[in-house]
Amino acid sequence: MFAYLDPGAGSVLIAALTAGFAGVAVVFRMYRDRVLGVFSKKRRTQAEEARQQLLGTDAEESVEPKG
Amino acid sequence: MNLRVDPGSLHDPSSQVFIDDTEGKVVRGLDTEALADFEALTATDFWPIAQSSGDIVATSRLDHVPASMSGPWAAALEHKRIPVVSYPSEWTFSMLKAAALLHLRILQEAVAEGLVTKDANPYNVQFEGSQPTFIDVGSFTRIRSGEPWYGFRQFCEQFLNPLVLHAYDRLEIPKSLRGSVNGIPPTMASALLPRRARLRPALFTTIVLHAIAERRMAGRDADVTGALRKAGAGPALISAQISRLEKIVESLESDTSNSEWSGYGERSHYSEAGVSAKEEFVSHTVRSIQPSRVLDLGANDGAFSRLALRHGAAYAIATDSDPVVIDRLYRELSSAGDKTTLPLCVDLTDMGGGGGWAGRQRSNLLERVRPELVLCLALIHHLAITASVRVGAIVDVLADLGAPVVLELPLPEDPMAARLLARKRDGKVPGYGREEIETEIRRRFTIARETTLPGDTRIIYELRPS
């Protein structure tokens with residue numbers, strides 16, 4: 001399949017939440033380590049890894065390349 | 001066949017639509033991927049049902065790809081031609097809602113059998129009379145495991161946000177859709193949404209949270225799709241999304257209690273003799289022309305479109321600038337299952353057209369209609385007096401349609417015309433008099449017939465383009 005539309009990262013997340021309980025569960029699984037990271041350092045490290053995997057390493061400095 | 005590319009068909013690289021104007025045919029090219037998708041579609045249980053009900057446009061595969069169709073096409077399909085193509089910027093609230101519900105219903109049936117649509121574009125739905133039909137057969141594709149429905153955002157922009165904002169009196173359909181072919185983005189919808197709507201959980205998620213998520217994740221190359229796949233997303237999730245969207249759309253209602261023109265259909269300002277003389281004149285012309293398409297400008301409740309259909313016209317396009325009267329007409333036609341009157345909300349003084357890719361993607365309605373008869377009844381005084389359009393310009397637009405016209409002219413002493421004139425400086429509009437108007441008419445038309453209606457303040461003409 002060639003999906004010619006760019007779904008948009010935010011929209012994909014919201015689409016999942018729109019699905020109600022099942023969607024919330026899926027998104028929770030996705031963010032679980034971050035949520036539980038409040039209580040556990042191990043989770044925190046895992047969450048940071050997952051986050052970097054998700055957003056790319058330059059997620060924090062969102063500097064647009066010039067040129 | 002002499003095929004040209006449909007200018008609206010430019011996004012999907014695996015499928016493209018071609019039009020043959022002389023034979024009136026619509027042909028679609030499919031590449032190998034799209035052909036495999038089409039074969040998967042025709043193998044479903046819902047395909048034959050959607051074909052016979054008209055939910056999806058009647059489609060058949062051609063024996064070979066026509067030579068005049070350039071592109072990477074492995075196969076060609078022929079679609080039944082819709083009498084007149086219309087755009088969401090010409091639909092009323094109830095029409096956009098009907099199109100949204102049809103889209104969701106078909107998508108839900110497709111998902112149950114392993115297919116999904118590539119997009120959620122309202123241009124994929126067309127109306128045959130009051131019946132919506134899904135025309136983009138090339139939009140169906142096999143679901144890949146864990147993939148989201150790529151059309152979700154587009155559905156929000158093009159269907160959900162306009163419907164919600166209209167239902168909460170923040171924007172008016174279709175006027176608010178005339179500026180962009182892309183609809184209303186989540187950030188704008190969220191900014192406009194009133195507080196009582198923000199508190200509805202479904203709208204909070206699909207609009208408010210959507211805007212926040214979009215703003216926060218803008219510019220980041222987040223692989224949310226991949227992350228969701230790992231977390232167990234799948235067709236069941238898409239199916240649940242669609243059900244939720246269906247519930248939201250079904251719950252939306254438009255307040256149509258009043259408008260400037262909604263009482264006009266009662267025609268209190270016409271005498272009974274006036275109405276029947278006008279009907280007799282119009283039906284005579286319709287019978288002599290037997291038009292395949294009648295364009296009824298200023299149709300209001302559609303009484304004269306119906307009259308034309310009764311006297312031998314095959315299809316009527318009933319247009320009016322008032323969305324409330326057209327919405328009411330649509331709902332009447334829809335509950336009667338009508339397939340021969342297309343109601344459209346069109347304001348001649350503020351028309352859409354052009355737009356989209358390089359201003360060429362979407363055409364002006366007057367170029368799409370190809371009428372064989374035009375009705376312009378009790379309209380010219382509103383255009384010439386209230387909207388201050390020169391009579392010559394009105395005559396030119398009518399003549400450029402290239403068809404005979406039945407024109408009703410209220411003279412300046414007519415009570416309705418006089419009421420409009422009273423608002424003007426000195427109670428006059430230069431050029432709005434019988435002689436001046438007839439001079440303008442003769443510049444582009446010959447007057448085939450004319451009658452003064454009972455009451456002596458209105459003249460009705462049958463005009464033939466010269």
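Residues numbered from 1 in each chain as written. Chains lettered and ligands numbered in written order. Predicted model: local features only at pLDDT ≥ 70, side-chain atom pairs only at ≥ 80, totals over all residues.

**Quick look at the overall build of chain A**
And then number 1: Looking only at helices and strands, chain A features three helices and zero strands.
And then number 2: Going from the N terminus to the C terminus, chain A shows its helices and strands as α-α-α.
And then number 3: Across the 67 residues that make up chain A, the buried fraction comes to 22%. (Helix = DSSP H or I, 4+ residues; strand = E, 2+ residues; numbered from the N terminus. Buried ≥ 20, exposed ≤ 12 C-beta atoms within 10 Å, placed from the backbone.)

**Looking at the overall build of chain B**
And then number 1: When you go through chain B residue by residue, the secondary structure sums to 17 helices and 16 strands.
And then number 2: In terms of overall size, chain B behaves like a compact globule, its C-alpha atoms giving a radius of gyration of 24 Å where 466 residues would be expected to give roughly 23 Å.
And then number 3: Dimensions of chain B, computed from C-alpha atoms along their principal axes, come out at roughly 80 × 55 × 40 Å.
And then number 4: Counting only residues that meet the buried cut, chain B has 46% of its 466 residues in that class.
And then number 5: Long-range contacts, defined here as pairs at least 24 residues apart, represent 70% of the contacts in chain B between residues at least 6 apart. (Rg over C-alpha atoms; globule rule 2.2 N^0.38 Å. Contact = placed C-beta atoms within 7 Å.)

**Some points on the nonpolar core**
And then number 1: Ranked by size, the top nonpolar core spans 140 residues in total, and within it A:A16, B:L96, B:L160, B:A308, B:V374, B:L375 and B:C376 carry the most contacts.
And then number 2: At 11 residues, the largest contribution of residues to this core is made by helix 3 (residues 93-112) of chain B.
And then number 3: The residues touching B:L160, leaving out its near neighbours within four places in the chain, are B:F155, B:T206, B:L245, B:I248 and B:V249. (Core = buried A, V, L, I, M, F, W, Y, C linked by C-beta atoms within 7 Å.)

**Let's talk about the packing of helix 10 (residues 272-289) of chain B against helix 11 (residues 303-310) of chain B**
Residues and elements named next belong to chain B.
And then number 1: Orientation of helix 10 relative to helix 11, taken along the N-to-C sense of each, is 45°, at an axis distance of 9 Å. Taken together, the axes of helix 10 and helix 11 lie oblique to each other. The two elements helix 10 and helix 11 cross, and the hand of that crossing is right-handed. Residues E279, V282, S283 and V286 of helix 10 lie in contact with helix 11, whose contacting residues are F304, L307 and A308.
And then number 2: Across the contact of helix 10 with helix 11, the residue classes break down as five nonpolar, one polar and one charged. (Axes fitted to C-alpha atoms, helices over the stretch in contact; angles between N-to-C directions. Parallel < 35°, antiparallel > 145°, perpendicular 65-115°, else oblique. Left-handed = near helix turned anticlockwise from the far one by under 90°. Nonpolar A, V, L, I, M, F, W, Y, C, P; charged D, E, K, R; others polar.)

**Observations concerning the pairing of strand 5 (residues 75-79) of chain B**
And then number 1: The sheet contact formed by strand 3 (residues 25-30) of chain B and strand 5 of chain B spans five bridges and is antiparallel. Looking at the pairing, B:L30 lines up with B:A75 of strand 5 of chain B. (Pairing = 2+ DSSP bridges.)

**Re helix 3 of chain B**
Residue and element names in this part refer to chain B.
And then number 1: A rise of 1.5 Å per residue sets the reference length of helix 3, with its 20 residues, at 28 Å; its end C-alpha atoms lie 29 Å apart and thus fit the reference within 8%.
And then number 2: Counting buried residues along helix 3, 14 of its 20 residues qualify, which places the element largely inside the surrounding structure.
And then number 3: Of the residues one or two after helix 3, G114 is the one with positive phi, at around 85°. (Expected span 1.5 Å × (residues − 1).)

**Describing the sheet that holds strand 14 (residues 405-410) of chain B**
Residues and elements named next belong to chain B.
And then number 1: Within the open sheet, the seven strands sit side by side as 12-11-10-13-14-16-15. Their pairing is mixed. The open sheet has two free edges, formed respectively by strand 12 (341-345) and strand 15 (445-452), since each of these has just one partner strand. Recorded for the sheet is a direction-independent mean angle of 20° between the axes of neighbouring strands.
And then number 2: Examined bridge by bridge, strand 10 (residues 293-297) and strand 11 (residues 315-320) share five bridges and lie parallel to one another. Bridging from a neighbouring strand, R293 pairs with Y315 of strand 11.
And then number 3: Helix 12 (residues 323-335) contacts strand 11 and strand 12 of the sheet and is inclined by roughly 155° relative to strand 12.

**With respect to the domain arrangement of chain B**
And then number 1: Its domain assignment divides chain B into domain 1 (4-79), domain 2 (88-251) and domain 3 (264-465).
And then number 2: A separation of 37 Å is found between the C-alpha centroids of domain 1 of chain B and domain 3 of chain B. (Domains from an automatic or database assignment.)

**A look at the environment of B:I238**
All names here are of chain B.
And then number 1: In this fold, I238 is placed in helix 9 (residues 235-251).
And then number 2: On the neighbour-count criterion, I238 (25 C-beta atoms within 10 Å) is buried.
And then number 3: With 191 residues separating them in the primary sequence, I238 and W47 have C-alpha atoms 20 Å apart.
And then number 4: Setting aside residues no more than four positions away along its own chain, I238 makes contact with V111, V116 and W149.

**Re the packing of helix 4 (residues 152-167) of chain B against helix 9 of chain B**
All names here are of chain B.
And then number 1: Interhelical geometry of helix 4 versus helix 9 gives an angle of 15° and a closest axis separation of 11 Å. In terms of their interaxial angle, helix 4 and helix 9 are classed as roughly parallel. Classified by chirality, the crossing of helix 9 by helix 4 is left-handed. On helix 9, the residues that touch F152, F155, L160 and L163 of helix 4 are Q241, L245, I248 and V249.
And then number 2: Taken together, the residues of the contact of helix 4 with helix 9 break down into seven nonpolar, one polar and no charged.

**Some thoughts on the sheet that holds strand 3 of chain B**
Residue and element names in this part refer to chain B.
And then number 1: Judged by pairing direction, the sheet is antiparallel, and its five strands sit side by side in the order 1-2-3-5-4 without closing on themselves. Since the sheet does not close on itself, it has two edges, and those belong to strand 1 (4-5) and strand 4 (59-61), each with one partner.
And then number 2: Relative to strand 3, strand 2 (residues 15-20) runs antiparallel, the two being bridged by six bridges. Of the residues in strand 3, the one forming a bridge with F18 is V27.

**A closer look at the confidence of the model for chain A**
It should be kept in mind that the predicted coordinates are not to be read in detail where pLDDT is low.
And then number 1: On average, residues of chain A score 66 in pLDDT, and 42% of them are at 70 or above.
And then number 2: In this model, residues 56-67 of chain A is a region of pLDDT below 50 whose contacts with residues beyond four sequence positions or in other chains number six contacts. (pLDDT = per-residue confidence, 0-100.)

**Some points on the confidence of the model for chain B**
And then number 1: Of all residues in chain B, 96% attain a pLDDT of 70 or more, and the chain-wide mean is 93.
And then number 2: Complex prediction metrics read pTM 0.91 and ipTM 0.77.

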